[in-house]
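# Structural features, examined
So the chains spell out like this:
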Amino acid sequence: MRVLKHLFDNNQRWAARIKAQDPNFFTKLSRQQSPEYLWIGCADSRVPANEIVDMMPGEIFVHRNIANVVVHTDLNCLSVIQYAVEVLKVKHIIVCGHYGCGGVKAALENTDHGLIDNWLRHIQDVYRYHQAAVDAESDENKRFNLLCELNVVEQVANVCHTTIVQNAWKTGQPLSVHGWIYGIDDGILKDMNVCTSGLAEVSATHRLR
Ligand code: CO
């Protein structure tokens, strides 16, 4: 299994299928990318960005990590946001979480998972901000799902708190930040209705003057 031949075979078939529909597809794409969307999602194999919204290569710029967390000082995520906003000029940033997220579950369990616990601390922060609401749910699964949703809401806020997004809004660049959640058991996306499109909608504590 050194060369994973079946994946190369899949690739040949996939490229041929796309070229059959549009012979110039890859030539056009090789010249430039101009996606309108930045997707920040979970690394979970069941939540593939392009497939879920039925989009082709070139249409979505993607960043994924465990539990779709946007950390104020994560240079990896911030670099993706900066490039997407300042160079690609995407019009929408979508933070997409999902129900049944293993990262969120691990954060709730509070058991020892090694290094990753330091990453999951950010989700435990979300739990701490909303502990009353989460603990008010009597059903364990409902608590879990609620924390998956609240994590999306908080990560949307974190995107809006970046200097990158706030500077774009300051200069009048059209940019909206959305929070969605995906059901791995039915393939359906739900809008969390936290769309933010300007500085006035950001909490005063984090708003750039
Ligand atoms: Co996940």
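Preceding this paragraph is the structure being described.
Residues numbered from 1 in each chain as written. Predicted model: local features only at pLDDT ≥ 70, side-chain atom pairs only at ≥ 80, totals over all residues. Heavy atoms only, no water.

### Here's the deal with the overall build of the protein chain
Convention followed: Only DSSP runs of H or I reaching four residues or more are called helices, and only runs of E reaching two or more are called strands; each is numbered from the N terminus. Note on classification: 1.4 Å probe, protein chains only; a residue is buried when its accessible area is under 20% of the maximum for its type, exposed when over 50%, partly exposed between these limits. The contact criterion used is simple: two residues touch if any of their non-hydrogen atoms lie within 4.5 Å. Under the convention used here, a 1.4 Å probe and the Shrake-Rupley method define accessible areas, while residue burial counts only the protein chains that appear.
Tallying secondary structure elements over the protein chain gives nine helices and five strands in all. Beginning at the N terminus, the succession of helices and strands in the protein chain can be written as α-α-β-α-β-α-β-α-α-α-α-α-β-β. Dimensions of the protein chain, computed from C-alpha atoms along their principal axes, come out at roughly 55 × 45 × 30 Å. Residues counted as buried form 42% of the 209 residues belonging to the protein chain. In the protein chain, 63% of the contacts between residues at least 6 apart in sequence involve partners at least 24 apart. Summing over all exposed atoms, the protein chain offers an accessible surface of approximately 12000 Å²; the carbon and sulfur share of this is 52%.

### Some points on helix α9 (residues 163-170)
Think of an α-helix as turning once every 3.6 residues; residues three or four places apart then point the same way. The complete set of buried residues in α9 reads I164, V165, Q166, A168 and W169. Buried-residue contacts for α9 involve α4 (75-87), β3 (92-98), α8 (140-161) and β4 (176-182). Note on α9: the residue one or two positions beyond its end, G172, has a positive phi of about 80°.

### Focus: the nonpolar core
Filter applied, for reference: Take the buried residues of types Ala, Val, Leu, Ile, Met, Phe, Trp, Tyr and Cys, join any two whose side-chain atoms come within 4.5 Å, and each joined set is a nonpolar core.
With 47 residues, the main nonpolar core has L38, I40, I81 and I93 as its most contacted residues. Elements represented by at least two residues in this core include exactly β1 (37-42), α4, β3, α5 (102-109), α6 (116-129), α8, α9 and β4. No other element matches the nine residues that α8 contributes to this core. Leave out the neighbours within four places in its chain, and I81 touches L38, I40, V70, I93, T162, I164 and V165.

### Side note on the packing of aromatic side chains
For any pair of aromatic rings, geometry is given as the distance between the ring centres together with the angle between the planes. The criterion, for reference: Side-chain rings of Phe, Tyr and Trp (the six-membered ring for Trp) are treated as a pair once their centres are within 6.5 Å; stacked means planes under 30 degrees apart, edge-to-face means over 60, and tilted covers the remaining angles.
Applying the stated rule across the entire model yields four aromatic pairs. Ring centres 5.7 Å apart and planes at 35° place the aromatic pair F61 and Y83 in the tilted group. Remark: Y83 occurs in helix α4 and F61 occurs in strand β2 (residues 60-65); sequence separation between them is 22 residues. Judged by relative accessible area, which is 17%, F61 ranks as buried. Of the residues examined, Y83 reaches a relative accessible area of 37% and is grouped as partly exposed. An aromatic cluster is present here, built from W14, F25 and F26 joined pairwise through their rings.

### What about a nonpolar patch on the surface?
What counts here: The patches reported here contain residues having more than 30% relative accessible area and no salt bridge. Joining distances are 9 Å for like charges and 5 Å for nonpolar side chains (Val, Leu, Ile, Met, Phe, Trp, Tyr). For this document, the term salt bridge refers to a Lys or Arg side-chain nitrogen within 4 Å of an Asp or Glu carboxyl oxygen.
Taken together, the side chains of L4, L7 and F8 present a nonpolar region at the surface, about 290 Å² in accessible area. Within the secondary structure layout, L4 lies in the segment before α1 (5-21). Residue L4 is classed as partly exposed on the basis of its relative accessible area of 37%.

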